[in-house]
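A look at the structure
Each chain is listed here by its residues.
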Amino acid sequence: MPRAMKGAGKGAATKRKERRHAKFNPGPGPQSVKPVGGAEAAGFDDGNVEAKKRKKLGKLSKKRKAKGASNDDADDAPAAAAKKKSKKSAVDAAHKAVSKRHDSKPAWTNQTRREQKDWANEQKALQKPNFTLIQEITALWERLRVKKISKDDKRKLVAAIFKASKGKCAILANNHKASRVIQALLKYGTEEERASVYAECAPHLGALAKSLYGHFIVQKLVDATPKEKLPELLANVKGRVRVLAKHPVGSQVLEALYWPAPAPCKRDMECEFYGSEFAMFGASGLSGDADKPATSLREAMLSKPVAQRQGMLREMNKTLLPILEKGLVSPSLIHKVLSEYLLAGGPGTRYEAAHSVAGPAMLRMIHTRDGAHAVNMMMSHAGARQRKMVLKALKGNVARVVRDDHGSMAISCLLDCVDDTAQLGKVIINELKAEGLVELAENPAARRVLLHLLRPRARRYVHPHALATLPDQDEVARSVKDAKEALTAQGHAVGGDDDEDDEAGDDDDGDAVEDADVEGADVDEDDEMDDEMMDDEFDDDEFDEGDAAGDEKVNGMTKFKSKTAEAAAAVDDSDDEGAGKEGGASDSVDFGIARKPSDVRRREIFGHQGKLGAALVDACERNASSMLRSVAGCDVLVETCSGGAGGALTRAVGAERLRKLHVAVAEAVRASVEGEEDKSTDNDDDGEGEGEGEGKAREPLHTGFVSSRALRRMVLDIPGPQPGADDDDDSTGAGAGGDA
């Protein structure tokens, strides 16, 4: 507690203030402060003040008395100091006379800074073989980098640098100074000089790719190599792809090597992750059949006996997990290999991978198709805490990500698997509304998110090739259920089955589900999975081709136990029996799937949690005319008017609110037919409206190519007013086409 507060209320602070003033302003006068107790108590007079200033000397020590000192010596302080100084100088003189050799100062104290630097350079030249060469070419480079230099002088300097560094370019590229000099040589040198430098560096490509300064030379080397000569260049990193993928600097070079490579070279680089056999012999493996190389991990596993398939997955697990833990997931090669690995593995594989990579690292993968597919599979098995980390990393970037072709599918997957709809509303829905729903509806990529909420997994709006990257949550739940049944049949305890969460889907109104903390059910999952956890829950029916019919199988799985099964088998039998009755134990496996039904989640997003339904209806009502003319926006308007799949939007905003939207659409059509359309409120980007001044009149909505088809769909798909229907009914009321 502060000192001034200890005596609060008793005037202690005031008393201390008065004492300080009395101490530093003693004596009578206008500047003095009356001390506590009055002036009489202080006894201020000049005599007392002078007496206090005098300090009474203490007693002399025995040592000083033996030397003949007295208290009167205090007045002779200057004389004593001079005496002490003369005594010290006499001692120094005696010391110099006795040991003059050892008392001399070091030689470097008498040197100038220039001499000291030259001496340091001599020592470095003795320790570093190329130090003198680096100093020489650096001096030439300093003259070369000057802006005002003639072509002849530049040519002479480049030739001098090339002559001095020839034969040592690969070694010099690892130095922070010499690397810049070699890059300047590649920039200003002739074709012959550049070819000579590349020829020296190509055999050392693997070592330079991991160098902090040498990897710049590798990137320039890849850029300058013609496409037909890339296979020869990539042969220098054969067998080292996995090592480069684990290195922070090498992973950056790996993308530069993989992206421009031909398809066969890409396939060889991918197959190195399957194991040492494929790293040595390429995509064909030990079979040596170059005519039928493996095009995917599943094909590579088909070519192996059943006993070796699990070993391939374990080999990939050992390689990929350190890469995920380090966050080195930017190369598209990692995206491709990781998606194949997760597809071949089971729920446990995806769960372990999801908990090995941080949330921000996942966002660096969603710009490619394979990366978005891998992220979606991991998010489906990530669990509540990991999904929350991804949402936290996504905050502020939703508007940018949702406009990406593959990023929009990752956002759609989050809307499918995150049970905490309140968090979804704060992070994703609020940013979508702030960006403008009409603008997003007219964007070809961003509209997928809105259409996925209105009508999930509709092939009418999303291409099947893109839809294949979005896991079906029903299929995910079935695969997890099958995996748990297989593990339970072998006597291993598994968890994650909460019957209480299933009751949430029985309420049609969706209100009873709001009080249940569904997301909290995932908090009990095991966050610390075994480092060697691996499962083989992949469908063995797909691998029956080429296998012996007599292979033994246990419960649809191979006879070789996975790491998960082996770890669970090590648990004491008594613990397993108790765990099996309770449906979970300390060593139980929870695969982190979503618990909330899809229709309930959509109703909450449109309803009070996300409040997306009201904002979407308002935006469509204000911009009905422009959205009908938009190729991308008309689909969002049609699905909004229909109330969404299962009436999710109708339940959120009410049938009466949708009727008002239908009336607004009908009014927009009527105004366009009669020429009363307000062009100032439309965001018409298609050029169908009037130009500057007196241009061509805007085509009516009922005859436009896009708008007429949208209106026809509304007439056919949206039911009209039902007799005796209540406002709370799922029917959407009067159809827009009927009013038109």
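Preceding this paragraph is the structure being described.
What comes next is a walk through the structure. As a convention, each chain's residues are numbered from 1 in the sequence order in which they are written. Reporting in this predicted model follows two pLDDT cut-offs: at least 70 for local features of residues, and 80 or more for side-chain atom pairs to be given and counted; totals over whole chains, interfaces and linings ignore these cut-offs and use all residues. Calculation of side-chain values draws on the structure's entire complement of heavy atoms; hydrogens and water are dropped beforehand.

1. Some remarks on the overall build of the protein chain
- For helices the rule is a DSSP run of H or I covering at least 4 residues; for strands it is a run of E covering at least 2, with both sets numbered from the N terminus onward. Helix and strand content of the protein chain: 45 helices and two strands.
- The cut-offs for exposure are 20% and 50% of the maximum accessible area for each residue type, with area from a 1.4 Å probe on protein chains only; residues under the lower value are buried, those over the upper are exposed, and the others partly exposed. Considering the protein chain as a whole, with its 740 residues, one finds that 43% of them fall into the buried category.
- Taking as baseline every contact in the protein chain between residues at least 6 positions apart, the subset at least 24 positions apart corresponds to 71%.
- Per-residue and other accessible areas follow the Shrake-Rupley method at a 1.4 Å probe size, with only the shown protein chains counted as cover for residues. A total of about 40,400 Å² of accessible surface is found on the protein chain, and carbon and sulfur atoms cover 50% of it. Two residues form a contact once any of their heavy atoms are found within 4.5 Å.

2. Some details on the pattern of salt bridges
- By convention in these notes, a salt bridge is any Lys or Arg side-chain nitrogen within 4 Å of a carboxyl oxygen on Asp or Glu. Inspection of the entire model under this criterion finds 25 salt bridges.
- With a closest N to O distance of 3.8 Å, Asp118 and Arg114 form a salt bridge. Here Arg114 and Asp118 lie together in helix H7 (residues 113-127), a separation of four residues that amounts to about one turn.
- For the salt bridge of Arg194 with Glu191, the shortest nitrogen-to-oxygen distance reads 2.6 Å. Taken together, the positions of Arg194 and Glu191, both in helix H12 (residues 191-201) and three residues apart, correspond to about one turn of that helix.
- For Glu191, a relative accessible area of 54% translates into the label exposed.
- Among the charged side chains, a salt-bridge network with shared partners connects Arg447, Arg455, Asp635, Glu639 and Arg713.

3. Quick word on unusual backbone geometry
- Of note, the phi angle at Arg457 is positive, near 55°, even though the residue is not glycine.
- Counting through the fold element by element, Arg457 comes out in the loop between helix H31 (447-454) and helix H32 (464-467).
- Using a relative accessible area of 29% as the deciding quantity, one classes Arg457 as partly exposed.

4. Regarding the packing of helix H8 (residues 131-144) against helix H9 (residues 151-165)
- Axis angles are defined between N-to-C directions and span 0 to 180 degrees, where every axis is a line fitted to C-alpha atoms and, for a helix, only to the segment in contact. In the contact formed by H8 and H9, the axes pass within 10 Å of each other and the chain directions differ by 165°. One element, H8, and the other, H9, form an angle in the roughly antiparallel class. In the crossing of H8 with H9, the sense of the turn from one axis to the other is left-handed. Residues Leu133, Glu136, Ile137, Leu140, Trp141, Arg143 and Leu144 of H8 touch H9, and the partners they reach there are Lys154, Leu157, Val158, Ala160, Ile161 and Ala164.
- Throughout this entry, Asp, Glu, Lys and Arg are counted as charged residues, while Ala, Val, Leu, Ile, Met, Phe, Trp, Tyr, Cys and Pro are counted as nonpolar. The remaining residues, Gly among them, count as polar. Residue classes in the contact of H8 with H9 are distributed as 10 nonpolar, no polar and three charged. Orientation is classified from the angle alone, with under 35 degrees giving roughly parallel, over 145 giving roughly antiparallel, 65 to 115 giving roughly perpendicular, and any other angle giving oblique. Each crossing gets its handedness from the near helix: less than a right angle anticlockwise from the far helix is left-handed, clockwise is right-handed.

5. Thoughts on the nonpolar core
- In this description, a nonpolar core means a group of buried Ala, Val, Leu, Ile, Met, Phe, Trp, Tyr and Cys residues linked to one another through side-chain atoms lying within 4.5 Å. With 146 residues, the main nonpolar core has Met378 and Ile428 as its most contacted residues.
- Counting six residues, the second largest nonpolar core, distinct from the first, contains Tyr351, Val480, Phe591 and Ile593.

6. Here we look at the packing of aromatic side chains
- Pairing of aromatic side chains requires ring centres within 6.5 Å, counting the rings of Phe and Tyr and the six-membered ring of Trp. Pairs whose planes differ by under 30 degrees are stacked, by over 60 edge-to-face, and all others tilted. Applying the stated rule across the entire model yields one aromatic pair.
- Relative to Phe278, the ring of Tyr274 has its centre 5.7 Å away and its plane inclined at 80°; by these criteria the two rings are edge-to-face.
- On the basis of relative accessibility, which here comes to 2%, the residue Tyr274 falls in the buried class.
- Judged by relative accessible area, Phe278 falls into the buried class, the value being 3%.
- Look at NZ for Lys and CZ for Arg. If either is within 6 Å of the ring centre and within 35 degrees of the ring normal, a charge sits over the ring. Its end group placed over the ring of Trp259, Lys266 keeps NZ or CZ at 5.5 Å from the ring centre.
- Cation over ring: Arg709 sits above Phe705, and NZ or CZ is 4.0 Å from the ring centre.

7. Let's talk about helix H18 (residues 263-271)
- Those residues of H18 that fall on the buried side of the exposure criterion are Cys265, Arg267, Met269, Glu270 and Cys271.
- Check the buried side of H18 and you find it contacts helix H15 (230-234), helix H16 (241-246), helix H17 (250-258), helix H19 (276-281), helix H20 (297-302) and helix H22 (332-344).

8. Considering the side chain of His381
- Considering the arrangement of structural elements, one finds His381 in the loop between helix H25 (369-380) and helix H26 (384-394).
- In this structure His381 comes out as buried when scored by relative accessible area, which is 1%.
- Polar contacts, as counted here, are pairs of nitrogen or oxygen atoms within 3.5 Å of one another; within protein the pair requires one atom able to donate a hydrogen and one able to accept it, and residues that are adjacent in sequence qualify only if both atoms are side-chain atoms. Here the side chain of His381 touches Met377 through a polar contact of 3.1 Å, landing on its backbone oxygen.
- Those residues in contact with His381, other than ones at most four positions away along the chain, are Pro347, Arg350, Tyr351, Ala354, His355, Arg387, Val476, Val480, Phe591, Gly592 and Ile593.

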